[in-house]
Structure formats: C-alpha cells, structure tokens
Amino acid sequence: MNNIMIIVLAVFAVLIVYDLQKFIKKKVTAKVYVLYVCFMAASLTISLLLAAGRRPSPPSRWIEAIFKMIGVLE
C-alpha cells in the first residue's frame, strides 16, 4: 500500500515540475498559479485517499455542511 502512495506522490511531483517549467516560460499571471495549486492539491488529496482505500466524502455532503454552517438549512 505504501508503494502505491509513493508512486502517486512521485507522479504528482513530476507533473508539477513539468507544468511549472511551462508556466515560467510563458510568464503566466498569479491567478493561474493559484488555480493550479488548488486543483493539484485537490487531485493529490483524492488520489491519496483512494490509494489508502478510503473513499472521500461526496460533494453533496460538503455542500450540505456549508449550508448548515451558513444557516440556510437546519
């Protein structure tokens, strides 16, 4: 199981280095970096959870929790 997680981390590291080189050459804006980091962090989290045998909670539960926190739902 740990070998799979190490492989997932290695693949993400290679992808990040490869993509950041492209971003630096093109001189993209900071918004692109922020969005890229958010998407890569979410993808990495989901990949590691799946590799560990745990399913992430569905987005509907996240939305419901946010609505409860705001006070829309009781």
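Quick note: structure is the one above.
Residues numbered from 1 in each chain as written. Predicted model: local features only at pLDDT ≥ 70, side-chain atom pairs only at ≥ 80, totals over all residues. Heavy atoms only, no water.

### Observations regarding the pattern of salt bridges
Here is the rule we go by: For this document, the term salt bridge refers to a Lys or Arg side-chain nitrogen within 4 Å of an Asp or Glu carboxyl oxygen. By definition, any uninterrupted DSSP run of H or I lasting at least four residues is a helix, any uninterrupted run of E lasting at least two residues is a strand, and each is numbered from the N terminus. For the exposure calls, accessible area comes from a 1.4 Å probe over protein chains only, and a residue counts as buried if that area is under 20% of its type's maximum, exposed if over 50%, partly exposed in between.
Here the structure, examined in full by the defined rule, presents one salt bridge. The residue K68 makes a salt bridge to E64 at a minimum N-O spacing of 3.3 Å. Linking K68 with E64, this pair stays in helix 3 (residues 59–70), spanning four residues, or about one helical turn. The exposure class assigned to K68 is partly exposed, which follows from its relative accessible area of 45%.

### Observations regarding the environment of A52
Here A52 shows up in the loop between helix 2 (30–51) and helix 3. Sequence-wise, A52 and I4 are 48 residues apart; in three dimensions their C-alpha atoms are separated by 8.6 Å.

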